[in-house]
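# Secondary and tertiary structure notes
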Amino acid sequence: HDHVETLFASIASVQAQRDTDWELVVIGDGAPDRSREIVEGFGQRDPRISYVSHPKGERFGEVYRDPVIRNSDATYICHLGDDDLWHETHLESMTALLDQADWAVSGDLRITPPGAATWRFGNLAHPPFRAAAARTSGHFLFGTLNGVAVLTSAYLVLETSWEAAPVSSGSDVFMWLKYIRNRDMRLACSARATHVKFQAGGVRAAF
């Protein structure tokens, strides 16, 4: 939406993956022309990278993610915020979790002012934790957008896909609960953090 220059770092972290069999679609949610210029610059050098532009959507433009997934022939879906980073092992770690699961989440590592690191993890594959998360709209659900991966086949059988979350709910948590509450979905979790989330732009202004 409006982070722009951080795309240089986030896209580079995808290109650094040890698993090189990926396709990156950057979704512009009312983003400025500079975002398109940056992504298209990457795409000219790396055909695995593309950009789709949309006017600013409701909430975080969640509905724009659905057609990207449905028009892809990828086996796995992973997500990355435009100002966050993946470790070079992220894709291979997440797809390994999905060898025996439909939805997977890794430990959540984030950098907060004034540069402190925090780590959170809840083992949602443990039935009591899963039940608690399903009842309470997200307790033990510490996976951000970056730390979740899912089989495309599992996404396509959901009754409702990506949509604007209610204002009272976290955007990503609202989506992840659809998997957690579906008893047919197999969950896998790893305490290992293979991504870094940075706090939002205004909060990290002094970084």
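Residues numbered from 1 in each chain as written. Predicted model: local features only at pLDDT ≥ 70, side-chain atom pairs only at ≥ 80, totals over all residues. Heavy atoms only, no water.

### Points about the nonpolar core
What counts here: Throughout, nonpolar core names a set of buried Ala, Val, Leu, Ile, Met, Phe, Trp, Tyr and Cys residues whose side chains join them through atoms within 4.5 Å. The cut-offs for exposure are 20% and 50% of the maximum accessible area for each residue type, with area from a 1.4 Å probe on protein chains only; residues under the lower value are buried, those over the upper are exposed, and the others partly exposed. Under the DSSP-based scheme used, a helix requires at least four consecutive residues in state H or I and a strand at least two consecutive residues in state E, with every element numbered from the N terminus. Residue contacts follow a heavy-atom distance rule, with two residues in contact if any of their heavy atoms lie within 4.5 Å.
Grouped together as the largest cluster of nonpolar side chains are 31 residues, with contacts concentrated most on Trp-103, Leu-124, Leu-141, Tyr-155, Trp-176, Tyr-179 and Ile-180. Those elements that place two or more of their residues in this core are α4 (90–97), β5 (103–106), β8 (148–151), α6 (152–156), α7 (171–180) and β9 (187–190). Sort the elements by how many residues they give to this core and α7 lands first, with 6 residues. Look past the residues within four positions of Tyr-179 in its chain and what remains in contact with it is Trp-103, Arg-130, Val-150, Ala-154, Tyr-155, Leu-158 and Met-185.

### Observations regarding the sheet that holds β8
Spelled out, the test is: For two strands to pair, DSSP has to find at least two bridges joining them. What counts as an axis is a line fitted to C-alpha atoms, over the stretch in contact for a helix, and the angles between N-to-C directions run from 0 to 180 degrees.
Read from one edge of the open sheet, 4 strands run β3-β8-β5-β9, paired in mixed fashion. A single partner strand is all that each edge strand has here, and the edge strands are β3 (76–78) and β9. Put simply, the sheet's adjacent strands are angled 15° from each other on average, direction ignored. Two strands pair when backbone bridges link them, and β3 and β8 are joined in this way by 3 bridges, in the antiparallel orientation. By the bridge assignment, Cys-78 is partnered in β8 with Ala-149.

### Some points on the packing of aromatic side chains
The condition that has to hold: For Phe, Tyr and Trp, where Trp contributes only its six-membered ring, two rings pair if their centres lie within 6.5 Å, and the inter-plane angle classes them as stacked under 30 degrees, edge-to-face over 60, or tilted in between. Charge-over-ring contacts are defined here by two conditions on Lys NZ or Arg CZ: a distance within 6 Å of the ring centre and an angle within 35 degrees of the ring normal.
Summed over the entire model, instances satisfying the criterion amount to 6 aromatic pairs. With centroids separated by 6.1 Å and ring planes inclined at 45°, the aromatic side chains of Phe-8 and Phe-42 adopt a geometry described as tilted. Within this pair, whereas Phe-8 is found in helix α1 (residues 7–15), its partner Phe-42 is found in helix α2 (residues 33–45), the two being separated by 34 residues in sequence. Phe-42 sits in the buried class, given a relative accessible area of 6%. Members of the aromatic cluster, joined through ring pairs, are Trp-103, Trp-162, Trp-176 and Tyr-179. Arg-45 extends its terminal NZ or CZ atom over the ring of Phe-42, reaching a point 5.4 Å from the ring centre. The aromatic ring of Trp-162 is capped on one face by Arg-65, whose charged end is 4.4 Å from the ring centroid.

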